[in-house]
Amino acid sequence: MDLDLKVAELGYKYHTDWACDPPHQLSDSEQLSEAFECGHQLMKWACGRQVILEIHNLVMSMNKASLQNAAATELPVEVQYLLLLQRKGTSLL
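Okay, so let's go over this structure. Every residue gets a number counted from 1 within its own chain, in the order that chain's sequence is written. Per-residue local features of the predicted model are confined to residues with pLDDT of at least 70, and side-chain atom pairs are confined, for both listing and counting, to 80 or more; whole-chain, interface and lining totals are unaffected and use all residues. Remark: hydrogens and water are excluded; side-chain values derive from all non-hydrogen atoms of the structure.

### A closer look at the sheet that holds strand E3 (residues 53-57)
And step 1. As summarised here, the arrangement of the three strands in space is E2-E1-E3, forming an open sheet in which the pairing is antiparallel. With one partner strand each, in any of the chains shown, strand E2 (24-26) and E3 form the two edges of the open sheet. Across this sheet, the average inter-strand angle for adjacent strands is 35°, counted without regard to direction.
And step 2. Bridge analysis of strand E1 (residues 10-14) against E2 gives three bridges, and the strand direction is antiparallel. Paired with Tyr12 across the bridge in E2 is His24.
And step 3. Contact criterion: two residues are considered in contact whenever any of their non-hydrogen atoms come within 4.5 Å of each other. Only the stretch in contact is used when a helix axis is fitted, and all axes are lines through C-alpha atoms; the angle between N-to-C directions ranges over 0 to 180 degrees. Helix and strand definitions follow DSSP, with helices as H or I runs of at least four residues and strands as E runs of at least two, each counted in order from the N terminus. Sheet contacts for helix H1 (residues 29-45): E1 and E2; angle to E1, the most-contacted strand, approximately 10°. Any two strands with at least two DSSP-identified bridges between them are counted as paired.

### A few points about helix H3 (residues 77-88)
And step 1. How far a helix is expected to stretch is found by multiplying one less than its residue total by 1.5 Å. End to end, H3 covers 17 Å across 12 residues, agreeing with the expected 16 Å (1.5 Å per residue, within 8%).
And step 2. Just past H3, the residue Gly89 takes up positive phi, approximately 80°.

### Topic: the pairing of E1
And step 1. In this scheme, a residue with accessible area under 20% of its type's maximum is buried, one over 50% is exposed, and one in between is partly exposed, where area comes from a 1.4 Å probe on protein chains only. Buried residues dominate E1, accounting for four of its five residues.
And step 2. Both E1 and E3 contribute to a ladder of five bridges, which runs antiparallel. The residue bridging Gly11 from the neighbouring strand is His56, located in E3.

### Let's talk about a nonpolar patch on the surface
And step 1. On the surface, Leu32, Phe36, Leu53 and Ile55 cluster together to form a nonpolar patch covering roughly 350 Å² of accessible area.
And step 2. When you line up the elements, Phe36 lands in helix H1. A patch consists of residues whose relative accessible area exceeds 30% and which take part in no salt bridge; residues with like charges are grouped when within 9 Å of each other, and nonpolar side chains (Val, Leu, Ile, Met, Phe, Trp, Tyr) when within 5 Å. Values of accessible area rely on a 1.4 Å probe in the Shrake-Rupley scheme; residue burial ignores everything except the protein chains shown. The term salt bridge refers to a side-chain nitrogen of Lys or Arg lying within 4 Å of a carboxyl oxygen of Asp or Glu.

### Observations regarding the packing of aromatic side chains
And step 1. Note on aromatic pairs: the rings of Phe, Tyr and Trp (six-membered ring only in Trp) are paired at centre separations within 6.5 Å, and the planes decide the class, stacked below 30 degrees, edge-to-face beyond 60, tilted for the rest. Applying the stated criterion to the full structure yields one aromatic pair.
And step 2. Ring geometry for Tyr12 and Tyr14: centres 5.9 Å apart, planes at 80°, overall edge-to-face.
And step 3. Of the residues examined, Tyr14 reaches a relative accessible area of 6% and is grouped as buried.

See the structure below:
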C-alpha cells in the first residue's frame, strides 16, 4: 500500500465489527495499543478460530490521471462531491 506518511490516516476493523461501522481511528501509539489489546482479548475467546484485523486507509487519494480514468464510470457520491469541490476551487482542509 503506497501511503504518503505526511497525510496518511489509518483505521482498523476486526472481523467482529459490523461491515457498515466506520473503522476505528489509528493515529497514535495509544490507539495502536488499544487495537492490539482488543485483538489479544479476541484471541483469548477465539477457541482456535482466526482473528482478522483489517487496516483501512481513511484518506482517499486520487490524482488527476485516476480521476480521468474514473470519469468514464459511475462514481461514488463522496468522489463526486470531492470533484465538485475541486472544480469550485474549495478545499476540505
